[in-house]
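Coordinate inspection notes
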Amino acid sequence: MGEHTFNFEGKWDGGYKGKGEITAGNLSTVISRAKSMNGLGEGTNPDEMLIGAAGSCFLMSLTYVLDKEEISIDKLTVTSAGTFYDDKDGVHFKKLVHCPHIILSRTASEQVDKVHQCIKLAEKRCMVSNALHKDIEIVVEPTIQIKIV
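Keep in mind the model is a prediction, meaning the values are calculated, not measured. (Residues numbered from 1 in each chain as written. Predicted model: local features only at pLDDT ≥ 70, side-chain atom pairs only at ≥ 80, totals over all residues. Heavy atoms only, no water.)

Comments concerning the environment of Leu-62
Note the threshold: Here a strand is any run of E in DSSP of at least two residues, a helix any run of H or I of at least four, and the numbering for each starts at the N terminus. Only heavy atoms matter for contacts: two residues are in contact if any of them lie within 4.5 Å across the pair.
Looking at where Leu-62 falls in the secondary structure, it is placed in helix 1 (residues 46–68). With 16 residues separating them along the chain, Leu-62 and Val-78 place their C-alpha atoms 9.8 Å apart. If sequence neighbours within four positions are ignored, Leu-62 has contacts with Leu-76, Pro-100, Ile-102, Cys-118, Ile-119 and Ala-122.

A short note on the packing of helix 1 against helix 2 (residues 112–125)
Our working definition: Axis definition: a line fitted to C-alpha atoms, limited for helices to the stretch in contact. Angles are taken between N-to-C directions and run from 0 to 180 degrees. Roughly parallel covers angles under 35 degrees, roughly antiparallel covers those over 145, roughly perpendicular covers 65 to 115, and oblique covers all other angles. Each helix crossing is assigned a hand: it is left-handed if the near helix lies turned anticlockwise from the far helix by less than a right angle, otherwise right-handed if that turn is clockwise.
Direction vectors running N to C along helix 1 and helix 2 enclose 130 degrees, while the axes themselves pass 8 Å from each other. One element, helix 1, and the other, helix 2, form an angle in the oblique class. Our pair here, helix 1 against helix 2, has a crossing hand that is right-handed. Where helix 1 approaches helix 2, its residues Phe-58, Ser-61, Leu-62, Tyr-64, Val-65 and Leu-66 are matched on the opposing element by Val-115, Cys-118, Ile-119, Leu-121, Ala-122, Glu-123 and Arg-125.

Considering unusual backbone geometry
Stated precisely, the cut-off is as follows: Per-residue accessibility, obtained with a 1.4 Å probe over protein chains only, is compared with the maximum for each type, and a residue is labelled buried under 20%, exposed over 50%, and partly exposed between these values.
One non-glycine residue with positive phi stands out, namely Asn-38, at about 65 degrees. Asn-38 sits in the exposed class, given a relative accessible area of 54%. If you check the backbone angles, Glu-70 has positive phi at about 55 degrees while not being a glycine. Along the polypeptide, Glu-70 turns up in the loop between helix 1 and strand 4 (73–87).

What to know about the nonpolar core
Note the threshold: Buried Ala, Val, Leu, Ile, Met, Phe, Trp, Tyr and Cys residues form a nonpolar core when they are joined through side-chain atoms within 4.5 Å.
Membership of the largest hydrophobic core is limited to 10 residues, which are Phe-58, Leu-62, Val-65, Leu-66, Ile-71, Ile-102, Ala-108, Val-115, Cys-118 and Ala-122. Within the residue set of this core, elements represented by two or more residues are helix 1 and helix 2. Here this core gets four residues from one element, more than from any other, and that element is helix 1. With residues near it in sequence (within four places) discarded, Ile-71 still touches Leu-66, Leu-104, Ala-108, Gln-111, Lys-114, Val-115 and Cys-118.

Let's talk about the pattern of salt bridges
We count it as follows: What counts as a salt bridge is simple: a side-chain nitrogen of Lys or Arg found within 4 Å of a carboxyl oxygen of Asp or Glu.
All told, the structure shown has four salt bridges when counted by the stated rule. The closest approach of N and O atoms between Lys-114 and Glu-69, which form a salt bridge, is 3.1 Å. Here Lys-114 is found in helix 2, whereas its partner Glu-69 is found in the loop between helix 1 and strand 4, with 45 residues between them in sequence. We classify Glu-69 as partly exposed; its relative accessible area is 34%.

Thoughts on helix 1
The criterion, for reference: Take the residue count of a helix, subtract one, and multiply by 1.5 Å to get its expected span. By the criterion applied in these results, polar contacts are pairs of N or O atoms within 3.5 Å in which, for protein atoms, one can donate a hydrogen and the other can accept it, and in which residues neighboring in sequence qualify only through two side-chain atoms.
Compared with the 33 Å implied by 1.5 Å per residue over 23 residues, the 32 Å span of helix 1 between its first and last C-alpha is a close match. Those residues of helix 1 that fall on the buried side of the exposure criterion are Ile-51, Ala-54, Gly-55, Cys-57, Phe-58, Ser-61, Leu-62, Val-65 and Leu-66. Between the side-chain oxygen at the start of helix 1 and the backbone nitrogen of Asp-47 there is a gap of 2.9 Å, and the oxygen is on Asn-45.

Looking at the packing of aromatic side chains
As a reminder of what qualifies: Between rings of Phe, Tyr and Trp, where Trp is taken as its six-membered ring, a pair exists when centres lie within 6.5 Å; planes separated by under 30 degrees are stacked, by over 60 edge-to-face, and by other angles tilted. Should the NZ of a Lys or the CZ of an Arg lie within 6 Å of a ring centre and within 35 degrees of the ring normal, that charge is described as sitting over the ring.
According to the stated counting rule, one finds zero aromatic pairs in the structure shown. In this arrangement the basic side chain of Arg-33 is found over the ring face of Tyr-16, its NZ or CZ atom lying 4.1 Å from the centre.

Some points on the layout of surface pockets
Just so we agree on the cut-off: Two kinds of site are reported from a 1 Å grid over the protein atoms alone, namely cavities, where a 1.4 Å probe fits but cannot get out, and pockets, open sets with protein on both sides within 12 Å along at least five of seven lines, and residues are called lining when an atom falls within 4 Å of a point. Grid points are joined across faces, edges and corners, and a volume is the space filled by probe spheres set on the points. When residue character is reported, Ala, Val, Leu, Ile, Met, Phe, Trp, Tyr, Cys and Pro are called nonpolar, Asp, Glu, Lys and Arg charged, and the others, Gly included, polar.
Estimated volume of the largest pocket: approximately 820 Å³. Around the largest pocket, the lining is made up of 16 residues, and of these Phe-6, Phe-8, Ala-53, Met-127 and Val-128 lie nearest the centre. Broken down by secondary-structure element, the contributors of at least two residues to the lining of the largest pocket are strand 2 (19–24), helix 1 and helix 3 (127–133). In terms of residue class, the lining of the largest pocket is built from 14 nonpolar, two polar and no charged. Roughly 330 Å³ of volume is contained in the second largest pocket. What lines the second largest pocket is simply Met-1, Gly-2, His-4, Ala-53, Ser-56, Cys-57, Met-60, Ser-61, Arg-125, Cys-126, Met-127 and Val-128. At the level of elements, helix 1 and helix 3 are the ones that each hand at least two residues to the lining of the second largest pocket. A per-element tally of the lining of the second largest pocket places helix 1 first, with five residues.

Below, the structure is given as structure tokens:
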């Protein structure tokens with residue numbers, strides 16, 4: 001068990017309609033604001049990454065729980081959708097929906113009720129969902145540099 005630290009590095013060029021590059025672990029990609037938010041729409045954006053983080057966390061939690069219960073899965077896919085809205089105070093996360101699609105092997109067909117229990121447990125175990133459901137501490141440690149001409 002123990003403590004785990006994950007790192008992020010990002011840079012940005014341009015103003016509101018600019019774009020950036022990020023690296024987080026083995027992920028390296030271009031980012032910009034979504035076209036629906038009057039951005040460039042290049043690469044991805046934080047909203048898509050948040051949904052991707054939540055969806056992949058749920059998927060991995062689900063595979064863990066199913067493996068622990070020794071339920072034989074033939075195929076597993078998850079789609080996730082997040083709904084956001086904006087107002088004068090900014091952009092707000094309204095709703096997250098995970099849609100797991102599980103195909104059981106024939107030997108596990110009698111375990112449908114157990115699979116439903118696993119799905120519920122996976123959502124409870126998902127670190128990203130847990131962060132979204134609770135108040136979290138946010139720490140900001142800025143470094144300010146003055147450009148010398």
